[in-house]
Amino acid sequence: GQSLEQPSEVTAVEGAIVQINCTYQTSGFYGLSWYQQHDGGAPTFLSYNALDGLEETGRFSSFLSRSDSYGYLLLQELQMKDSASYFCALLTGAGSYQLTFGKGTKLSVIP
Amino acid sequence: GAGVSQSPSNKVTEKGKDVELRCDPISGHTALYWYRQRLGQGLEFLIYFQGNSAPDKSGLPSDRFSAERTGESVSTLTIQRTQQEDSAVYLCASSLSPGRTDTQYFGPGTRLTVL
């Protein structure tokens, strides 16, 4: 099976940079995804790492190290609207490409 | 459609009743997924459809849960003899085709409350 660990809560100041870490245990996976979910809303895709290294998409970057079973999401120039829960998820499955999610990190951005 | 839609948005039912939850995926998306999210938790995979067939049902928690998909479009998740532990948000996602880099797009979910 698979398991993912991420901090339950993070607080950061508007305009700052925050990093949300994700460690995992798995026997095999295709890649690591990150999703954002506002309270009561649908998860929305942020980033995906199929290979080791850094992927950059605007203010968001994601990193994967398969040798360390570790990844992170980096959010720059934080805005109040970034307050949400962030989930890391392993893309796994023998042909079904299902997502196995962590429990999520609730990010609070304060003025 | 513009995105994945689900209905109803909220469903309150009594223990022991059957419920049906509907998902309309993005037009043209061949892959469809059902997930469950309990309060304050991550999403749990339930079932995957490729077209109208379900090659992966490994996440269904019991035989009270079933799902079908017709016309490579609409999917229905049915929960029979609901229990209080079934209370959760049920989310549907679709992707253009299953693949290592394809993005899953989620619907807004159905919040199920079993009294």
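See the structure above.
Residues numbered from 1 in each chain as written. Chains lettered and ligands numbered in written order. Predicted model: local features only at pLDDT ≥ 70, side-chain atom pairs only at ≥ 80, totals over all residues. Heavy atoms only, no water.

K.L.:
Would you explain the sheet that holds strand S7 (residues 60-65) of chain A in this entry?
P.N.:
In sheet architecture, strand pairing relies on hydrogen bonds along the backbone and comes in two forms, parallel and antiparallel. Residues and elements named next belong to chain A. Strand order in the open sheet made by the five strands is S1-S3-S8-S7-S6, with antiparallel pairing throughout. Each having just a single partner strand, strand S1 (3-5) and strand S6 (53-57) make up the two edges of the open sheet. In this sheet, neighbouring strand axes are inclined to one another by 20° on average, regardless of whether the strands run parallel or antiparallel. Here three bridges tie S1 to strand S3 (residues 18-25), and the two strands are oriented antiparallel to one another. (Pairing = 2+ DSSP bridges. Helix = DSSP H or I, 4+ residues; strand = E, 2+ residues; numbered from the N terminus. Axes fitted to C-alpha atoms, helices over the stretch in contact; angles between N-to-C directions.)

K.L.:
Would you mind going over the nonpolar core with me for this structure?
P.N.:
Buried together is how nonpolar side chains tend to be arranged in soluble globular proteins. If you look at the biggest cluster of nonpolar residues, it comprises 22 residues, and the most contacted ones within it are Leu32(A), Trp34(A), Leu75(A), Tyr86(A) and Leu107(A). Counting only elements with at least two residues in this core, the list comes to strand S2 (9-13), S3, strand S4 (31-37), S7, strand S8 (70-75), strand S9 (84-92) and strand S11 (105-110) of chain A. Not counting the four nearest positions on each side in its chain, Tyr86(A) is found in contact with Gln6(A), Ile20(A), Tyr35(A), Gln36(A), Leu46(A), Leu73(A), Leu75(A), Gly104(A), Thr105(A) and Leu107(A). Formed by 19 residues, the second largest nonpolar core is a distinct cluster that contains Trp34(B), Ile47(B), Leu112(B) and Val114(B). (Core = buried A, V, L, I, M, F, W, Y, C linked by side-chain atoms within 4.5 Å. Buried < 20%, exposed > 50% of the residue type's maximum accessible area, 1.4 Å probe, protein only. Contact = heavy atoms within 4.5 Å.)

K.L.:
Would you take a moment to explain the pairing of strand S6 (residues 53-56) of chain B for this structure?
P.N.:
Note on strand geometry: in a regular strand, side chains alternate between the two faces of the sheet. Residue and element names in this part refer to chain B. Pairing geometry for strand S5 (residues 43-50) and S6, over two bridges, is antiparallel. The residue of S6 that forms the bridge with tyrosine 48 is aspartate 56. Connecting S5 to the antiparallel partner S6 that follows it, the hairpin turn spans two residues, and glycine 51 within it adopts a positive phi of roughly 65°.

K.L.:
Would you take a moment to explain the sheet that holds strand S7 (residues 65-69) of chain B for this structure?
P.N.:
All names here are of chain B. The sheet built from four strands is open, its strands ordered S1-S3-S8-S7 with antiparallel pairing. Each end of this open sheet is capped by a strand with a single partner; those strands are strand S1 (5-7) and S7. Along the sheet, successive strands turn relative to each other by an average axial angle of 15°, direction set aside. Here three bridges tie S1 to strand S3 (residues 19-24), and the two strands are oriented antiparallel to one another.

K.L.:
I'm lost on the state of the cysteines in this one. Help?
P.N.:
Here, the word disulfide means a covalent bond between the sulfur atoms of two cysteines. Following the criterion strictly, the structure yields two disulfides over all chains and no others. Here Cys22(A) connects covalently by a disulfide to Cys88(A), the sulfurs 2.1 Å from one another. The S-S bond linking Cys22(A) to Cys88(A) shows a torsion near 80°; that makes this disulfide right-handed. Here the residue Cys22(A) occupies a position in strand S3, and Cys88(A) occupies one in strand S9, the gap between them amounting to 66 residues. Judged on exposure class, the residue Cys22(A) and its partner Cys88(A) are both buried. For Cys23(B), the disulfide goes to Cys92(B), at an S-S distance of 1.8 Å. Where Cys23(B) bonds to Cys92(B) through sulfur, the torsion about that S-S bond is close to -60°, and the disulfide is left-handed. Pair noted here: Cys23(B) is in strand S3 and Cys92(B) is in strand S9 (residues 88-95), with a separation of 69 residues, a long-range link. Since its relative accessible area comes to 0%, Cys92(B) is described here as buried. (Disulfide = S-S within 2.5 Å.)

K.L.:
What should I look at first to understand the side chain of Ser75(B) in this one?
P.N.:
Residue and element names in this part refer to chain B. Mapped onto the elements of the fold, serine 75 is located in strand S8 (residues 75-79). One polar contact links the side chain of serine 75 to the main-chain carbonyl oxygen of glutamate 68, over a distance of 3.0 Å. When sequence neighbours within four positions are dropped, the list of residues in contact with serine 75 reads Leu21, Arg22, Cys23, Leu32, Trp34, Phe49, Glu68 and Arg69. (Polar contact = N/O pair within 3.5 Å; in protein donor to acceptor, adjacent residues only side chain to side chain.)

Without other data, these values stay purely geometric and don't point to any function.
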